[in-house]
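# Structural overview for review
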Amino acid sequence: MAGYRKKRERELKSQIGHVETVKKIEAVGKKLEGKGRTILIVLIAVAVVAAGALFLFRRSARKADEARAAMGAALKIQDAKVSATPEPGSTDPTYPTEKERAEKAIVAFQDVANRFGEPYHTNALYFIAVNRLVTERPKGLSELDGLTKNGDVSIATLAKYALAQAKEADGDLAGAGALYADLVKVNNPLVSADTANIALANVLNKQGKKQEASDILFKIASDGRVAKDAEGLPKQPTGTSRAAADKLQKIDPDRYAQLPPEPPPPGGPMGGPGGGLPIG
């Protein structure tokens, strides 16, 4: 009987992982050692704790569903069309100005931040900061700057990219360039090193550093055109590689002409000489 009780206790620990509850069961078991009620007590404990765990799981699932629904509703506002005249017959929200849309979005995202835990809370704070760039730009910039130091690497990366774009738009090229350079080092999938480098090249070009910008773009575009797959066959250039080539063609046509040709598309002819297939 004692051996059976211990087996049930081990199963309880494995299935529930509820350490404090297990300790209480062990204490009760020792007091009732050798008595026929031991098995019954353990089985009742398992049932009670399992029922509690199931309740918490369902409650957690419902809460997550609520959070996703609230976040979706807020995003729908943020992505709503801005138009003085709503589209006839459309049930989608429409706002007369970007400022009004941003204000409504902030309210919706703030509701998410107030009601739900992570990751919804921090995600909502990011979208609030982005929308504040429209309603209260200095405050939005400050909030984004704070989020660049967030422990969530994804949020910190997105915040840094949004802040860099905002600084670039405001003419703070040095500040934007420093942020883009940091993103190149991080090389997060959300903002890859190549994506950040293209943005950095754009800033360098605006600063009159055409050669540095050209070098960055040439490498991205060239690497994309000569890349091979695992079997040694040419890979098609990525969208980022094509974007770099497109940008290079605009700022430095002579350097663009030095790019290796694009590999032919599967089953198709090779693009034009020197520059490959035309972009945009």
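In what follows, the accompanying structure is described. (Residues numbered from 1 in each chain as written. Predicted model: local features only at pLDDT ≥ 70, side-chain atom pairs only at ≥ 80, totals over all residues. Heavy atoms only, no water.)

## Points about the overall build of the protein
- Scanning the protein for helices and strands turns up 12 helices and two strands.
- Listing each helix as α and each strand as β along the protein from the N terminus yields α-α-α-β-β-α-α-α-α-α-α-α-α-α.
- Expressed as a percentage of its 280 residues, the buried residues of the protein come to 37%.
- Across the protein, contacts joining residues at least 24 apart in sequence account for 48% of those joining residues at least 6 apart.
- A total accessible area of about 16100 Å² is found for the protein, and carbon and sulfur atoms account for 57% of it. (Helix = DSSP H or I, 4+ residues; strand = E, 2+ residues; numbered from the N terminus. Buried < 20%, exposed > 50% of the residue type's maximum accessible area, 1.4 Å probe, protein only. Contact = heavy atoms within 4.5 Å. Areas by Shrake-Rupley, 256 points an atom, 1.4 Å probe, with all protein chains shown as cover.)

## Quick word on the packing of helix α9 (residues 193-206) against helix α11 (residues 239-251)
- In contact at an axis separation of 10 Å, α9 and α11 are set at 10° when each is read in the N-to-C sense. The orientation of α9 with respect to α11, classified from their angle, is roughly parallel. On α11, the residues touching Asp194, Thr195, Ile198, Asn202 and Asn205 of α9 are Thr240, Ala243, Ala244, Lys247 and Ile251.
- Tallied by class, the residues present in the contact of α9 with α11 amount to four nonpolar, four polar and two charged. (Axes fitted to C-alpha atoms, helices over the stretch in contact; angles between N-to-C directions. Parallel < 35°, antiparallel > 145°, perpendicular 65-115°, else oblique. Nonpolar A, V, L, I, M, F, W, Y, C, P; charged D, E, K, R; others polar.)

## A look at the packing of helix α8 (residues 173-186) against α9
- Close contact between α8 and α9 brings their axes to 8 Å; oriented N to C, the two are set at 155°. Taken together, the axes of α8 and α9 are roughly antiparallel relative to one another. Between α8 and α9 lies a crossing of left-handed hand. Of the residues in α9, those touching α8 at Leu173, Ala176, Gly177, Tyr180, Ala181, Leu183 and Val184 are Ala193, Ala196, Asn197, Ala199, Leu200, Val203 and Lys206.
- Counted by class, the contact of α8 with α9 contains 11 nonpolar, two polar and one charged residues. (Left-handed = near helix turned anticlockwise from the far one by under 90°.)

## Here's the deal with the nonpolar core
- Ranked by internal contacts, the top residues of the largest apolar core, which has 55 residues, are Phe109, Tyr126, Leu144 and Tyr180.
- In this structure tyrosine 180 touches Tyr161, Ala164, Gln165, Glu168, Ala196, Ala199, Leu200 and Val203, once residues within four positions along its chain are discounted. (Core = buried A, V, L, I, M, F, W, Y, C linked by side-chain atoms within 4.5 Å.)

## Looking at the environment of alanine 244
- Secondary-structure assignment places alanine 244 in helix α11.
- On a C-alpha basis, the gap between alanine 244 and alanine 221 in space is 5.5 Å, while along the polypeptide they are 23 residues apart.
- Once residues within four sequence positions are removed from consideration, alanine 244 is found in contact with Ile198, Leu217, Ile220 and Ala221.

## Quick word on unusual backbone geometry
- The omega torsion of the bond from glutamate 118 to proline 119 falls at 5°, within 30 degrees of zero and hence cis.
- Following the sequence through the fold, proline 119 ends up in the loop between α4 (98-115) and α5 (120-135).
- Positive phi values are uncommon outside glycine, yet asparagine 187 reaches one of about 50°.
- With respect to the helices and strands, asparagine 187 occurs in the loop between α8 and α9.

## What to know about the packing of aromatic side chains
- Tallied over the full model, the rule gives three aromatic pairs.
- Their ring planes at 15° and their centres at 5.0 Å tell us that phenylalanine 109 and phenylalanine 127 sit as a pair that is stacked. One end of the pair, phenylalanine 109, is in helix α4; the other, phenylalanine 127, is in helix α5, and 18 residues separate them in sequence.
- Judged by centre distance (6.1 Å) and plane angle (65°), the ring pair of tyrosine 161 and tyrosine 180 falls under edge-to-face. On the criterion of sequence distance, the pair formed by tyrosine 161 in helix α7 (residues 153-169) and tyrosine 180 in helix α8 is long-range, its members being 19 residues apart.
- When the ring centre of phenylalanine 218 is taken as reference, the NZ or CZ atom of arginine 255 above it lies at 4.4 Å. (Phe/Tyr/Trp six-rings, centres within 6.5 Å; stacked < 30°, edge-to-face > 60°. Lys NZ or Arg CZ within 6 Å of the ring centre and 35° of its normal.)

## Here we look at the pattern of salt bridges
- Under the defined criterion, the tally for this structure stands at 16 salt bridges.
- As a salt-bridge pair, arginine 68 and aspartate 65 come within 2.5 Å of each other at their nearest N and O atoms. A residue pair is termed a helical-turn pair when its members lie 3 or 4 positions apart in one helix, as arginine 68 and aspartate 65 do in helix α3 (residues 37-78) at three residues.
- For aspartate 65, a relative accessible area of 44% gives the class partly exposed.
- Between arginine 132 and glutamate 136 there is a salt bridge, with its nearest N and O atoms 3.5 Å apart.
- Here arginine 132 falls in the buried class, since its relative accessible area comes to 11%.
- One connected set of salt bridges, linked through shared partners, spans Arg132, Glu136 and Glu143. (Salt bridge = Lys/Arg side-chain N within 4 Å of Asp/Glu carboxyl O.)

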